[in-house]
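Each chain, written out:
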Amino acid sequence: MYAKGFPSFLVLVMIIVSSGCDNVEFGGFQVELRPPAPAVAPLVEVVEADTAGVPVVPLDLEPILYLLERGDGSAATLTAVAQFTEEGYIPLPDPDETPDFLTRFSAGRLDPGTEFDVLARGMRVGTFLADGTVGLDESTCLIRPSAGGLLELRPELEGEQHFLALVRSDAPVGDSLGSSRAAPTPVAPGNAALGAASVTAAQIVLQEMNIPWPASIPQARMDLQPLLTGAEGPMGLAATFVYGGTLGIGPVPAVAYGLFIVADLGATRPEPIVAWYQRSGADGKAFPRLLGAQDLYATGRPDLLLEVFGTDTRSLAVLGARDDDWSMLYEDPCGAPAARGGVRSFR
């Protein structure tokens, strides 16, 4: 702020010094008071405020369900899927609407040394230890926080690629997720018997749902995985069939469709449990495949984490059973949704 101006004036000062009986008189002198000259504004370099000492306020969220993907050696990547609540799954916050999203999400959740329970085949199968490296995964339509770290697995799980994970303090407790029992051994994905069972299951579903048959069911099968379909068995399968297209991002003809089937491997023939049928032209492209499964809500059936391929993007969804009625429990709000009536329970 500059000083206010005021008029100059003269002051005449007479100084008389008295010493004993002598009087000495000095002449006057003139003093002129002037306002200070305006200060010259210095050149200031604009520097961002130092926030190193400002505490990070973590996002107030429910426990998070994560997808874990193995890398090279013991390295692995953890990616947030959705919030995991007693009532069900809810989406993550929108990064575009959440200031400092990654920093605030990571604080207290992805700190170095944080331990996660790794889940597969109906039980705990290992541990993931976060190493403090965090980032944003943009491979799906919803931008998700991710973290790197080290994975320790039971030996019988070494060949598997995808798992579900929860922070250890958030994981359910009890025998259903115990790690003391032997992990069920699935049929190998390339096993001829599993392949034949998937064809039989597809024939049953195609007929009962009145779906156009492909020229070759085995050639239409794009993904086949063994699956623990009950709390402790039996082993079953999850298979994706695509007619008129491929299992990936991109346009397909209007006549194309995707069919996802889960079936138990019965004593005499496979028994379909649930199917998701999606016609491209009528319902929009949403072709799924299985990423992971776990009975997180103790329903007797696993919740299935699916990656869903659309025309322009890839999204995540959760398919699960409540009171033996299968439905979509979660879908990324930005992804291609399941068609109304497209999910059918067979039991």
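These numbers come from a predicted model, not from an experiment. (Residues numbered from 1 in each chain as written. Predicted model: local features only at pLDDT ≥ 70, side-chain atom pairs only at ≥ 80, totals over all residues. Heavy atoms only, no water.)

A short note on the overall build of the chain
For step 1, the next point in the chain: For the chain, the count of helices and strands is four helices and 20 strands.
For step 2, the next point in the chain: A fraction of 56% describes how many contacts in the chain between residues 6 or more apart in sequence connect residues 24 or more apart.
For step 3, the next point in the chain: Accessible area for the chain stands at about 18,400 Å²; split by element, carbon and sulfur atoms hold 54% of it. (Helix = DSSP H or I, 4+ residues; strand = E, 2+ residues; numbered from the N terminus. Contact = heavy atoms within 4.5 Å. Areas by Shrake-Rupley, 256 points an atom, 1.4 Å probe, with all protein chains shown as cover.)

Here's the deal with the confidence of the model for the chain
For step 1, the next point in the chain: Per-residue pLDDT for the chain has a mean of 83; in total, 79% of the residues score no lower than 70.
For step 2, the next point in the chain: Scored below 50 in pLDDT, residues 1-51 makes 32 contacts in the model with residues more than four places away or belonging to other chains. (pLDDT = per-residue confidence, 0-100.)

A few points about the pairing of strand β9 (residues 123-137)
For step 1, the next point in the chain: Of the strand pairs in this sheet, strand β8 (residues 115-120) and β9 are connected by six bridges, and their pairing is antiparallel. Pairing of F116 across the sheet is with F128, part of β9.
For step 2, the next point in the chain: Counting the residues that bridge the hairpin from β8 to β9 gives two residues, and of these R121 lies at a positive phi of roughly 50 degrees.
For step 3, the next point in the chain: One ladder, built from nine bridges, connects β9 with strand β10 (residues 144-153); its direction is antiparallel. Note that in β10 the partner of A130 across the bridge is G149.
For step 4, the next point in the chain: Between β9 and β10, which pair antiparallel in sequence order, lie six residues. (Pairing = 2+ DSSP bridges.)

Side note on the nonpolar core
For step 1, the next point in the chain: In terms of nonpolar packing, the biggest core is built from 26 residues, with Y66, F105, F116 and F163 touching the most fellow members.
For step 2, the next point in the chain: If you list the elements that add at least two residues to this core, you get β5 (64-70), β6 (75-84), α1 (101-106), β8, β9, β10 and β11 (162-167).
For step 3, the next point in the chain: No other element matches the four residues that β9 contributes to this core.
For step 4, the next point in the chain: Excluding anything up to four places from it in sequence, Y66 contacts L78, T79, A80, V81, F105, R109, L110, F116, F163, L164, A165 and V167.
For step 5, the next point in the chain: M209, A220, F241 and I261 belong to the second-largest nonpolar core, a separate cluster that totals 22 residues. (Core = buried A, V, L, I, M, F, W, Y, C linked by side-chain atoms within 4.5 Å. Buried < 20%, exposed > 50% of the residue type's maximum accessible area, 1.4 Å probe, protein only.)

Notes on the sheet that holds strand β17 (residues 303-309)
For step 1, the next point in the chain: If you trace the four strands from one edge of the open sheet to the other, you get β16-β17-β18-β19, paired in antiparallel fashion. Edge positions in the open sheet fall to β16 (287-294) and β19 (325-331), since each of these has one partner strand only. Taking the axes of each pair of neighbouring strands and ignoring which way they run, one obtains an average angle of 30 degrees across the sheet.
For step 2, the next point in the chain: The pairing of β17 with strand β18 (residues 314-322) spans six bridges and is classified as antiparallel. Considered in β18, the bridge of E307 is made with L316. (Axes fitted to C-alpha atoms, helices over the stretch in contact; angles between N-to-C directions.)

Here we look at the state of the cysteines
For step 1, the next point in the chain: Taken as a whole and judged by the stated rule, the model has one disulfide.
For step 2, the next point in the chain: Across the disulfide from C141 sits C334; the S-S distance is 2.1 Å. Of note, the bridge from C141 to C334 carries an S-S torsion of about 75 degrees and is right-handed in sense. In this pair, C141 is assigned in the loop between β9 and β10 and C334 in the loop between β19 and β20 (343-345), connecting sequence segments 193 residues apart. (Disulfide = S-S within 2.5 Å.)

Observations concerning helix α2 (residues 192-208)
For step 1, the next point in the chain: Its 17 residues give α2 an end-to-end C-alpha distance of 25 Å, which sits within 8% of 24 Å, the value for a rise of 1.5 Å per residue.
For step 2, the next point in the chain: Among all positions of α2, only L194, G195, A197, S198, V199, A201, A202, I204, V205 and L206 are buried.
For step 3, the next point in the chain: The secondary structure elements touched by the buried residues of α2 are α3 (217-220), β12 (221-228), β13 (235-243), β14 (257-265) and β15 (270-279).
For step 4, the next point in the chain: Between the side-chain oxygen of the N-cap and the backbone nitrogen of A193 there are 2.7 Å, and the N-cap of α2 in question is N191.
For step 5, the next point in the chain: Of the residues one or two after α2, N210 is the one with positive phi, at around 55 degrees. (Expected span 1.5 Å × (residues − 1). Polar contact = N/O pair within 3.5 Å; in protein donor to acceptor, adjacent residues only side chain to side chain.)

Digging into the sheet that holds β14
For step 1, the next point in the chain: Across the sheet, five strands lie side by side as β12-β13-β14-β15-β20; this open sheet has antiparallel pairing. Looking at strand neighbours, the two that pair on one side only are β12 and β20, the edges of this open sheet. Mean inter-strand twist for the sheet, computed between neighbouring axes without regard to direction, equals 15 degrees.
For step 2, the next point in the chain: One ladder, built from seven bridges, connects β12 with β13; its direction is antiparallel. Counterpart to D223 in the pairing with β13 is T240.
For step 3, the next point in the chain: Each of β12, β13, β14, β15 and β20 is contacted by α2, which is oriented at about 120 degrees to β14, the strand it contacts most.

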